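Architecture and fold: a report
Spelled out, the chains give:
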Amino acid sequence: MAEIKKSHNWEKSKRHALTEQEQETFIAFISNSDIYRHWLPLFTVFLGTGCRVGEIIGLRWQDLDFESRTISINHNLIYRMYRQQGEKCEMHITTPKTSAGCRTIPMLDEVRRHCCRRSNSRCREDITKQ
């Protein structure tokens, strides 16, 4: 497949990050939408971390350290078809492909607020003090 792509000059278009203004516009739209408002915490985490989809949906509460305000990225959630099981699709937790995929990232205040709202931990009490 790689040879076919090279011979036909197929290239993926480059991805471009949203500008700050585009992010603010997007978040404002989500915040004011009756249909999409419930997705605001998820989009806030995406924009506030820069993590991949599998890394975000695979996060566990123990990966979030509210005191040191860090997020440990050390696994991801994948959805894969397994031929040996009759081509059944399943979700699995896996480790990142490379050691660079395992990392600790800072938890921005806005990300922390949204995570705390979803958590049953003591950070709920901390958030009301801010």
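See the structure printed just above.
Right, let's walk through the structure included here. Note that the structure is predicted; figures quoted are calculated from it, not measured. (Residues numbered from 1 in each chain as written. Predicted model: local features only at pLDDT ≥ 70, side-chain atom pairs only at ≥ 80, totals over all residues. Heavy atoms only, no water.)

1. Notes on the packing of helix 2 (residues 20-31) against helix 3 (residues 40-49)
The geometry of helix 2 relative to helix 3 is characterised by a closest axis approach of 10 Å and an angle of 165° between their N-to-C directions. Relative to helix 3, helix 2 is oriented roughly antiparallel. Considering only the axes of helix 2 and helix 3, their crossing is left-handed. When helix 2 is examined against helix 3, the residues Q23, F26, I27, I30 and S31 are found in contact with a partner set consisting of L40, F43, T44 and L47. For the contact of helix 2 with helix 3, a count of residues per class yields six nonpolar, three polar and no charged. (Axes fitted to C-alpha atoms, helices over the stretch in contact; angles between N-to-C directions. Helix = DSSP H or I, 4+ residues; strand = E, 2+ residues; numbered from the N terminus. Parallel < 35°, antiparallel > 145°, perpendicular 65-115°, else oblique. Left-handed = near helix turned anticlockwise from the far one by under 90°. Contact = heavy atoms within 4.5 Å. Nonpolar A, V, L, I, M, F, W, Y, C, P; charged D, E, K, R; others polar.)

2. Structural notes on the sheet that holds strand 2 (residues 70-73)
Strand order in the open sheet formed by three strands is 1-2-5, with antiparallel pairing between adjacent strands. Lying at the two open borders of the sheet, with one neighbouring strand each, are strand 1 (64-65) and strand 5 (103-106). As paired elements, strand 2 and strand 5 share four bridges and run antiparallel to each other. In the sheet register, S72 faces strand 5, and the bridge partner there is T104. (Pairing = 2+ DSSP bridges.)

3. A few points about the side chain of T49
As for its position among the elements, T49 is in helix 3. Side-chain polar atoms of T49 contact the backbone nitrogen of C51, separated by 3.2 Å. Those residues in contact with T49 that sit more than four places away from it in its chain are I56, I71 and I105. (Polar contact = N/O pair within 3.5 Å; in protein donor to acceptor, adjacent residues only side chain to side chain.)

4. Considerations on a nonpolar patch on the surface
On the surface, F29, I35, Y36 and W39 cluster together into a nonpolar patch covering about 450 Å² of accessible area. Here W39 shows up in the loop between helix 2 and helix 3. Classification of W39 as partly exposed rests on a relative accessible area of 39%. (Patch = residues over 30% accessible without salt bridge, like charges linked within 9 Å, V, L, I, M, F, W, Y side chains within 5 Å. Areas by Shrake-Rupley, 256 points an atom, 1.4 Å probe, with all protein chains shown as cover. Salt bridge = Lys/Arg side-chain N within 4 Å of Asp/Glu carboxyl O. Buried < 20%, exposed > 50% of the residue type's maximum accessible area, 1.4 Å probe, protein only.)

5. Quick word on the packing of helix 3 against helix 5 (residues 109-118)
The interhelical angle for the contact between helix 3 and helix 5, taken along N-to-C directions, is 145°, at an axis separation of 9 Å. In this structure, the crossing between helix 3 and helix 5 has a hand that is left-handed. Residue-level inspection shows L40, P41, T44, V45 and G48 of helix 3 in contact with helix 5, the latter providing E110, V111, H114, C115 and R118. Class assignment for the residues of the contact of helix 3 with helix 5 results in five nonpolar, three polar and two charged.

6. Quick word on the pattern of salt bridges
One side chain can pair with another of opposite charge once the charged atoms of both are near each other. Tallied over the full model, the rule gives six salt bridges. Residue D34 is joined to R37 by a salt bridge in which the shortest nitrogen-to-oxygen separation is 3.1 Å. The partly exposed category is assigned to R37, whose relative accessible area is 40%. The residue E55 makes a salt bridge to R52 at a minimum N-O spacing of 3.1 Å. A relative accessible area of 5% means that E55 is categorised as buried. It is possible to trace a salt-bridge network through shared partners that takes in R52, E55 and R103.

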